[in-house]
Amino acid sequence: MISIQLHEFAERTLDAGAISYEDFLHLAREILPDGPATREEADVLIALDRTVAPVHEGWSNWFIATLTDFCVWKARPTGRVEEQAAQWLVTSLSCGEGPTENACRLALDIVREAQWSHDALMRFALANRHRHQRAATVIPAPAPVETRTQALEAAL
């Protein structure tokens, strides 16, 4: 279940076709200051990343850091991406015509951050690491995306 605020935010940004700087700040500071609490909320973020054009460049790093934190550290068992979670991620991230650039980066970041990841997610991350030119050059292998807080501070 998603909050009414997140539902209204998603409807508003879908209608606008873009996430403005003000929208991004409202989402990160007011609606999801601690990131998503459920898979449904995470799916809303994944859908927004797929369907609307973020106006602010801070969106990508915040999106990746926030969902990595949710998938690796908020989900149980902590630090592990088990089979059910891996299948959900692969399905959500590859919806439609394949993963977006941010989805490719997210999958790689989750695999790097987790202490253990199911083979399905690892195969997905490795198979799509070069799907987008920028995905291969933006994230160097040993360095994870900054934390959610650092991503938000950098966006400001």
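Just so you know, these numbers come straight off a predicted model, no measurement behind them. (Residues numbered from 1 in each chain as written. Predicted model: local features only at pLDDT ≥ 70, side-chain atom pairs only at ≥ 80, totals over all residues. Heavy atoms only, no water.)

Novice: Mind showing me how you'd approach the packing of helix α5 (residues 83-94) against helix α7 (residues 119-127) here?
Specialist: A pair of packed helices is captured by two measures, namely the crossing angle of their axes and the spacing between those axes. Where α5 meets α7, the axes come as close as 8 Å, and the angle between the chain directions of the two elements is 30 degrees. Viewed along their axes, α5 and α7 adopt a mutual orientation that is roughly parallel. With respect to the hand of their crossing, α5 and α7 are arranged in left-handed fashion. In this structure, α5 contributes A86, Q87, L89, V90, L93 and S94 to the contact, and α7 contributes A120, L121 and F124. The residue inventory of the contact of α5 with α7, partitioned by class, reads 7 nonpolar, 2 polar and no charged. (Axes fitted to C-alpha atoms, helices over the stretch in contact; angles between N-to-C directions. Helix = DSSP H or I, 4+ residues; strand = E, 2+ residues; numbered from the N terminus. Parallel < 35°, antiparallel > 145°, perpendicular 65-115°, else oblique. Left-handed = near helix turned anticlockwise from the far one by under 90°. Contact = heavy atoms within 4.5 Å. Nonpolar A, V, L, I, M, F, W, Y, C, P; charged D, E, K, R; others polar.)

Novice: Please explain the packing of helix α6 (residues 101-113) against α7 as it appears in this structure.
Specialist: At a minimum axis separation of 8 Å, α6 and α7 run at an interaxial angle of 130 degrees. Overall, the two elements α6 and α7 adopt an arrangement that is oblique. Considering how the two elements wind past one another, α6 and α7 form a crossing that is left-handed. Each of A107, L108, I110 and V111 in α6 lies in contact with α7, whose residues at this interface are L121, M122, F124 and A125. Partitioning the contact of α6 with α7 into residue classes produces 8 nonpolar, no polar and no charged.

Novice: Any chance you could explain the pattern of salt bridges here in plain terms?
Specialist: It is possible for side chains bearing opposite charge to pair when their charged atoms get close. Taken as a whole and judged by the stated rule, the model has 1 salt bridge. Residue R80 pairs with E82 through a salt bridge whose shortest N-O separation is 2.7 Å. Classification of E82 by relative accessible area gives partly exposed; the value is 29%. (Salt bridge = Lys/Arg side-chain N within 4 Å of Asp/Glu carboxyl O. Buried < 20%, exposed > 50% of the residue type's maximum accessible area, 1.4 Å probe, protein only.)

Novice: Teacher, can you tell me more about the side chain of T100 here?
Specialist: Take T100: it is sitting in the loop between α5 and α6. At a separation of 3.0 Å, a polar atom in the side chain of T100 contacts the main-chain amide nitrogen of A103. (Polar contact = N/O pair within 3.5 Å; in protein donor to acceptor, adjacent residues only side chain to side chain.)

Novice: Is there a simple way to explain the environment of L106 in this structure?
Specialist: In this structure, L106 sits in helix α6. For the pair L106 and A65, spaced 41 residues apart in sequence, the C-alpha separation works out to 8.0 Å. When near neighbours in sequence (up to four residues on either side) are disregarded, L106 contacts F63, I64, L67, T68 and L93.

Novice: Please explain the packing of aromatic side chains as it appears in this structure.
Specialist: Where two aromatic rings form a pair, the distance of their centres and the angle of their planes describe that pair. By the definition in use, this model includes 4 aromatic pairs. Their ring planes at 85 degrees and their centres at 6.0 Å tell us that F24 and W62 sit as a pair that is edge-to-face. Taken together, the positions of F24 in helix α2 (residues 21-31) and W62 in helix α4 (residues 58-74) put the pair 38 residues apart, joining distant regions of the chain. For the pair F24 and W62, one class covers both residues: buried. Considering the side-chain rings of W59 and W62, the 5.7 Å spacing of their centres and the 40 degrees angle between planes classify their relative orientation as tilted. Note that W59 and W62 are positioned in helix α4 at a spacing of 3 residues, about one turn of the helix. For W59, a relative accessible area of 1% corresponds to the buried category. A relative accessible area of 1% means that W62 is categorised as buried. Members of the aromatic cluster, each reached through a chain of ring pairs, are F24, W59, W62 and F63. (Phe/Tyr/Trp six-rings, centres within 6.5 Å; stacked < 30°, edge-to-face > 60°.)

From the geometry alone we can't say anything about function, so treat these as descriptive.
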